[in-house]
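Next come the chains, spelled out residue by residue.
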Amino acid sequence: MRLKIVLLLCLAVSLALAAVDWPKFQKDLNNTGLTSDYGPLNPAVNWTRTYSSTFLGRNSPVVAGGIVYSGGPSAVFEALNATTGALIWQRTDFGVLDCTPAVAYGMVFVGDGNGVVHAINATTGAEVWNYTTGNTFTIRSSPAVSDGIVYIGAPDYKLHAINATNGVSIWNYTTGGAVHSSPVVYNGVVYFDSADDNFYAVNATSGLLLWSYAYAGSSLTASPTIWNDTVYITDNTYLYALNASNGVQLWNITLGAWTTSSAVWNGVLYIGDSSGVFHALYADNGTEIWSYTTGDLIESAPAVANGVVYFGSADDNLYALNASTGALIWKYQAAYDVSASPAVSGGMVYFTADTHLYAIGEDLTPPNVTQVYPTVATLGQATNFTVNATDNVGVSNCTFYWDGSPIGTMNSSGGGTYYYVYTPQSSGAHTAWANCSDPAGNWAYNSTTVTVSTPQSGTVVVTSAPGYSLEVLLALLGAAVVVVLLLRK
Ligand SMILES: [Ca+2]
Ligand SMILES: [Ca+2]
């Protein structure tokens, strides 16, 4: 057991050291949603944080340097210890937050509900600068920060390029509608969508238009993903693959009425749709590899980590599927729709739903098992041995051992109580033990010395075996009283 604890501690330490940041919407400048880190395979809630109002749906947390930065609900913006959830700093003086922040250069960048972009010292929470866009509507675009420039869309119809150090405008590009999508920066080009039903590719340094693409349908303000010189975008009719260099369409397909933003891994595009179906498609041609049907529409862009794809559904669950086969690994039921995208870092998955921020990690906690009871038994008499076993996720089973040998699986009688009826075959001191496991395979045992005595002749031994309940004994006593009363008549 000590060895196991040491191994778990080593694992926990290595997890903490090896954590890869998830510093922005969909992890990187290409919005791939792909990390070299990994998330939980056997989920346990490590911590949650509950607020007095609900998240608006675009509030994905980000993780950098062991700190979770979370904007919303309402105007709450805060930094939390990624491992414990402890508050590091908090601000409540911004407008309503309905987007995902980005961390770079020791700062956190976020747009608020008053059309203002803020740069905040990531360590202290102090504001470094703020930048006012052209109107006071809610910014829904999550920033991309590259080569000292913050790129962010705004409801003022513009994509803004802002000096990350001092908040001074470098350029802006005006479209015919609100820019709510979260831009991609790739090979010196900024890619973004506008509510004017066009998709734009603009030089990242000069702000000059390189090309634009007119959607067949209406813009959803979904965010692009780039992989292998191909940009993947979606409107309310199609999922499109465009050549990133010139905007020429490579293919399009229809998936539901609309789709989420994508994640991409190893030549496979992952995407959810409005009918609640989650798809894995060959990124080369859009051919479906597998699909998985959830109980309600999917708005959450997926995250891929170590061969597992994580996403939320309006059926209130966060899903973890095998990214190769689409098989369900686990799902976790949250308080309401899981609309925003999850962030994966350090073996944990972070996401928001309703009034909660959830941090779900690998279950490393073994069950807690009490001593086996009773400690005395009688030779040849069936005895009901019980333990109480609890676990942070749930006990999956307990095995009863006698003198070191496994005897059988214990029965659950509810409330964490497990029992096994065993008849001792020899007198003297024996060892009874219960070994209990959780779904992750963590286990713990507790053992007891049981003194087995020889029954004295002529003595009726009442055991505590199930069936001899208090009710039965009272019923027998009642019957005896009736008999006595009848005899007296
Ligand atoms: Ca729901
Ligand atoms: Ca456990």
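Definitions and limits used
- Residues numbered from 1 in each chain as written.
- Chains lettered and ligands numbered in written order.
- Predicted model: local features only at pLDDT ≥ 70, side-chain atom pairs only at ≥ 80, totals over all residues.
- Helix = DSSP H or I, 4+ residues; strand = E, 2+ residues; numbered from the N terminus.
- Buried ≥ 20, exposed ≤ 12 C-beta atoms within 10 Å, placed from the backbone.
- Pairing = 2+ DSSP bridges.
- Contact = placed C-beta atoms within 7 Å.
- Axes fitted to C-alpha atoms, helices over the stretch in contact; angles between N-to-C directions.
- pLDDT = per-residue confidence, 0-100.

Undergrad: Report on the overall build of the chain, specifying residues and quantitative values.
TA: Check the secondary structure of the chain and you find two helices and 42 strands. Taking all 489 residues of the chain together, the buried fraction comes to 47%.

Undergrad: Please set out the sheet that holds strand β34 (residues 368–369) residue by residue, giving values where relevant.
TA: Reading across the sheet, the four strands line up as β34-β36-β40-β39 and stay open at both edges, with antiparallel pairing between neighbours. The sheet is open, and its two borders are formed by β34 and β39 (411–412), each paired with just one other strand.

Undergrad: Let's hear about the environment of T370: which residues, and what values?
TA: Tracing the backbone through its elements, the reader meets T370 in the loop between β34 and β35 (376–378). The exposure class of T370 is partly exposed, given the 16 C-beta atoms found within 10 Å. Sequence separation of T370 and T417 is 47 residues, and the distance between their C-alpha atoms is 9.7 Å. Beyond its immediate sequence surroundings of up to four residues, T370 is in contact with V387, N388 and N446.

Undergrad: How would you explain the environment of G85 if you had to name every residue and give the values?
TA: Secondary-structure assignment places G85 in the loop between β5 (77–81) and β6 (87–91). Taking the C-beta count within 10 Å as the criterion, G85 has 16 such neighbours and is therefore assigned partly exposed. Spatially, the C-alpha atoms of G85 and T48 are 7.2 Å apart, while their sequence positions differ by 37 residues. Dropping the residues within four chain positions of it, G85 is found in contact with W47, R49, L80 and A359.

Undergrad: If you had to explain the sheet that holds strand β23 (residues 263–265) to someone new, which residues and values would you point to?
TA: A sheet is described by the order of its strands in space; here four strands give the open sequence β23-β24-β25-β26, paired in antiparallel fashion. Since the sheet does not close on itself, it has two edges, and those belong to β23 and β26 (288–293), each with one partner. Each adjacent strand pair in this sheet contributes to an overall mean axis angle of 20 degrees, direction not counted. Pairing of β23 with strand β24 (residues 268–272), which is carried by three bridges, proceeds in the antiparallel orientation. Directly across from V264, in β24, lies its bridge partner L269.

Undergrad: Go over the pairing of strand β22 (residues 249–253) with me, naming the residues and quoting the values.
TA: Pairing between strand β21 (residues 239–243) and β22: four bridges, direction antiparallel. Note that in β22 the partner of L239 across the bridge is I253. In this antiparallel pair of consecutive strands, β21 and β22, the connection spans five residues, and G247 shows a positive phi of 80 degrees.

Undergrad: Quick one: what's the story with unusual backbone geometry, residue by residue and with numbers?
TA: Apart from glycine, the bulk of residues carry a negative phi angle, and the bulk of peptide bonds sit in the trans form. For the peptide bond that leads from G72 to P73, omega is 0 degrees, which places it in the cis range. Within the element layout of this structure, P73 appears in the loop between β4 (67–71) and β5. Looking along the chain, the bond that leaves Y373 and enters P374 is cis, with omega of 5 degrees. Counting through the fold element by element, P374 comes out in the loop between β34 and β35. In this structure, Y105 is a non-glycine residue whose phi angle is positive, near 55 degrees. Inspection of the secondary structure assignment puts Y105 in the loop between β7 (102–104) and β8 (107–111).

Undergrad: So what's going on with the confidence of the model for the chain? Which residues, and what values?
TA: If pLDDT is low for a region, its predicted coordinates should not be looked at in detail. Residue-level pLDDT values for the chain average 92, and 90% of them are 70 or greater. Confidence drops under a pLDDT of 50 for residues 464–468, and excluding neighbours within four residues, the segment shows seven contacts in the predicted structure.

Undergrad: Explain the pairing of strand β12 (residues 149–153) residue by residue, including any values.
TA: Counting buried positions over the five residues of β12 gives five, a clear majority of the element. Neither face of β12 is open: one carries I149, Y151 and G153, the other V150 and I152, and all of them are buried. The sheet contact formed by strand β11 (residues 144–146) and β12 spans three bridges and is antiparallel. Considered in β12, the bridge of V145 is made with V150. Linking β11 to β12, which pair antiparallel, is a turn of two residues; within it D147 sits at a positive phi near 50 degrees. Note that β12 and strand β13 (residues 158–163) share five bridges and pair antiparallel. Note that in β13 the partner of I152 across the bridge is H160. Where β12 folds back on β13, the antiparallel hairpin that results is connected by four residues, among which Y157 adopts a positive phi of roughly 75 degrees.

Undergrad: Which residues make up the environment of A164, and what values go with them?
TA: Position of A164 among the secondary structure elements: in the loop between β13 and β14 (169–174). Here the alpha-carbon distance between A164 and M107, two residues 57 residues apart in the chain, equals 8.8 Å.

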